[in-house]
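Listed below are the residues making up each chain.
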Amino acid sequence: MGTALDSRLNDKVALVTGAGSGIGRASAIRFAAEGAKVLCADIDTQAAEGTVGLIAEAGGAADSVGLDVTDQAQMEAAFERAVEQFGKLNVLFNNAGIAGSEWQQTIDVNLTGVHNGLLRGAKFFAANGGGSIINTASVAGLAGLTGPHVTDDPDEIQPNVGAYVAAKHGVVGLTKQFAVTFGRFGVRVNAIAPGYIVTPMTAEARSDDATEEYLISLHPLGRLGQPEEIAAAASFLASDDASFINGVTLPVDGGYTAR
Ligand SMILES: NC(=O)c1ccc[n+]([C@@H]2O[C@H](COP(=O)([O-])OP(=O)(O)OC[C@H]3O[C@@H](n4cnc5c(N)ncnc54)[C@H](O)[C@@H]3O)[C@@H](O)[C@H]2O)c1
């Protein structure tokens, strides 16, 4: 006998970073729709509050907190806030990320930010009977990116792309390491590797028709992904349906990495 979909996360409290937009917002909404209480964290506090509003309108339970994932003290405070507000915490979605920034900022947010969440989350869950951590990696965590930025002129090579790819490969590595280290405490650590998804992060690239067509052509399903399709995978990995899944990076990419 399975559990009804709308109650799959009934006994869960989830902290979602980057919950103010795109994949994080869609996931916070999905978690709440499946019964979780959700703390929506974002460096853009107003955006996180907007997500809480959407969840409340749909009858779900959520709260917001301002959080810069690069700041370990703020990460700890977000955990305290979740426990204060909802009595416990057992799901962490390390999802906040940026694209198109320079090396140090990209590494700080996309790699150190995830590490900060893992450090706090893995220890907290280990001390509290277990939990599920999900990291947002990328297809750029599994292979180098081909794209419109690939050029015949070495002077035009964009170093920001390398920073993004390095950070996301790092997230895949951290996912494995924390899964191996904390599995014995009932802590599952997995990652999702999205293909190109229709969110504000990709808005600029999608605004150019030729670039959008090119990006679509990289996905065998013949289209870009929607944030709700990443949210569906995150919700599965958060739930007890994924109780024996630990240390994987799940591509949710329309076949991008199968090519
Ligand atoms: N959109 C895509 O095509 C795609 C593909 C693969 C992976 N990803 C990854 O998915 C994640 C979410 O991306 P998205 O497309 O939803 O982007 P988005 O820009 O729509 O949302 C990102 C959110 O993260 C927040 N954020 C940025 N820096 C932060 C920080 N230091 N602390 C806390 N919050 C911060 C932003 O305010 C924003 O609300 C990122 O990790 C991104 O790298 C996206």
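What counts, and at which threshold
Residues numbered from 1 in each chain as written. Predicted model: local features only at pLDDT ≥ 70, side-chain atom pairs only at ≥ 80, totals over all residues. Helix = DSSP H or I, 4+ residues; strand = E, 2+ residues; numbered from the N terminus. Rg over C-alpha atoms; globule rule 2.2 N^0.38 Å. Buried ≥ 20, exposed ≤ 12 C-beta atoms within 10 Å, placed from the backbone. Contact = placed C-beta atoms within 7 Å. Near = placed C-beta within 6 Å. Pairing = 2+ DSSP bridges. Axes fitted to C-alpha atoms, helices over the stretch in contact; angles between N-to-C directions. Expected span 1.5 Å × (residues − 1). Bend = angle between axes of the 7 residues up to and from the residue. Right-handed = clockwise from strand over helix to strand, strands pointing away. Core = buried A, V, L, I, M, F, W, Y, C linked by C-beta atoms within 7 Å. Arc of directions from axis to C-beta. Parallel < 35°, antiparallel > 145°, perpendicular 65-115°, else oblique. Left-handed = near helix turned anticlockwise from the far one by under 90°. Nonpolar A, V, L, I, M, F, W, Y, C, P; charged D, E, K, R; others polar.

**Thoughts on the overall build of the protein**
In step 1: From N to C terminus, the protein includes eight helices and seven strands.
In step 2: Relative to the globule expectation of 18 Å for 259 residues, the C-alpha radius of gyration of the protein, 18 Å, shows essentially globular dimensions.
In step 3: With respect to the three principal axes, the spread of C-alpha positions in the protein is 55 × 40 × 35 Å.
In step 4: Put simply, the protein has 259 residues, and 46% of those count as buried.
In step 5: For the protein, restricting intrachain contacts to residue pairs at least 6 apart in sequence, the fraction spanning at least 24 positions comes to 75%.

**Some thoughts on the site of the ligand**
In step 1: Neighbouring the ligand are 31 residues, the closest being Gly18, Ser21, Gly22, Gly97 and Thr199.
In step 2: Among the elements of the structure, helix 1 (22-33) and helix 4 (103-127) are those that each provide at least two residues to the shell around the ligand.
In step 3: Take the shell around the ligand: its biggest share by element is three residues, from helix 1.

**Describing the sheet that holds strand 2 (residues 37-42)**
In step 1: Taken in spatial order, the seven strands of this open sheet run 3-2-1-4-5-6-7, and their pairing is parallel. A single partner strand is all that each edge strand has here, and the edge strands are strand 3 (61-66) and strand 7 (249-252). Across this sheet, the average inter-strand angle for adjacent strands is 20 degrees, counted without regard to direction.
In step 2: When strand 4 (residues 91-94) meets strand 5 (residues 131-136), the two strands line up parallel, connected through four bridges. Residue pairing across strands places Asn94 opposite Asn135, the latter belonging to strand 5.

**Structural notes on helix 4**
In step 1: Over its 25 residues, helix 4 extends 35 Å from the first C-alpha to the last, a length consistent with the 36 Å expected when each residue adds 1.5 Å.
In step 2: Of all the bends found along helix 4, the most pronounced is centred on Thr112 and spans about 35 degrees.
In step 3: One or two positions beyond helix 4, positive phi appears at Gly129, with a value near 85 degrees.

**Structural notes on the pairing of strand 4**
In step 1: Residues Val91 and Phe93 line one face of strand 4 and the alternating positions Leu92 and Asn94 line the opposite face, and both faces are buried.
In step 2: As paired strands, strand 1 (residues 13-17) and strand 4 are joined by three bridges and run parallel to one another. The residue of strand 4 that forms the bridge with Leu15 is Leu92.
In step 3: The parallel pair strand 4 and strand 5, bridged by helix 4, forms a crossover whose chirality is right-handed.

**Description of the environment of Ala96**
In step 1: Tracing the backbone through its elements, the reader meets Ala96 in the loop between strand 4 and helix 4.
In step 2: Judged by the 26 C-beta atoms lying within 10 Å of it, Ala96 is buried.
In step 3: The sequence separation of Ala96 and Val16 amounts to 80 residues, and the corresponding C-alpha distance is 8.3 Å.
In step 4: Excluding residues within four positions of it along the chain, Ala96 makes contact with Thr17, Gly18, Gly24, Val69, Val109 and Gly113.

**Looking at the nonpolar core**
In step 1: Judged by nonpolar contacts, the single largest core of 69 residues is most densely connected at Ala14, Val16, Ala28, Val38, Cys40 and Ala41.
In step 2: Here the element with the most residues in this core is helix 5 (residues 159-182); it accounts for eight residues.
In step 3: What Ala14 contacts, discounting residues up to four positions off in sequence, is Phe31, Ala36, Val38, Val91, Phe93 and Ala238.

**Points about helix 3 (residues 72-86)**
In step 1: Helix length check: helix 3 (15 residues) gives 21 Å between terminal C-alpha atoms against 21 Å at 1.5 Å per residue, within 8%.
In step 2: The complete set of buried residues in helix 3 reads Met75, Ala78 and Ala82. The arc that holds the buried residues of helix 3, viewed along the axis, is 55 degrees, so those residues lie on one side. Exposed residues pointing more than 90 degrees away from the buried face of helix 3 are listed as Ala73, Glu80 and Glu84.
In step 3: Where helix 3 is buried, its residues contact strand 1, strand 2, strand 3 and helix 4.
In step 4: Among the residues trailing helix 3, Gly87 stands out with phi positive, at a value near 85 degrees.

**Considerations on the environment of Phe182**
In step 1: Position of Phe182 relative to the elements: it lies in helix 5.
In step 2: Taking the number of C-beta atoms within 10 Å as the measure of exposure, Phe182 has 22 and is therefore buried.
In step 3: Between the C-alpha atom of Phe182 and that of Gly130, which follows or precedes it by 52 residues, the distance is 9.1 Å.
In step 4: Non-local contacts of Phe182, meaning those with residues more than four positions away in its chain, are made with Ala122, Ala126, Val187 and Val189.

**Description of the packing of helix 3 against helix 4**
In step 1: It is at 9 Å that the axes of helix 3 and helix 4 come closest, and there the two elements cross at 40 degrees. Here helix 4 runs oblique to helix 3, going by the angle between their axes. For the crossing formed where helix 3 meets helix 4, the hand is right-handed. Within the contact between the two elements, helix 3 uses Gln72, Met75, Glu76 and Phe79 and helix 4 uses Asn116, Gly117, Arg120 and Phe124.
In step 2: Residue composition of the contact of helix 3 with helix 4, grouped by class: three nonpolar, three polar and two charged.

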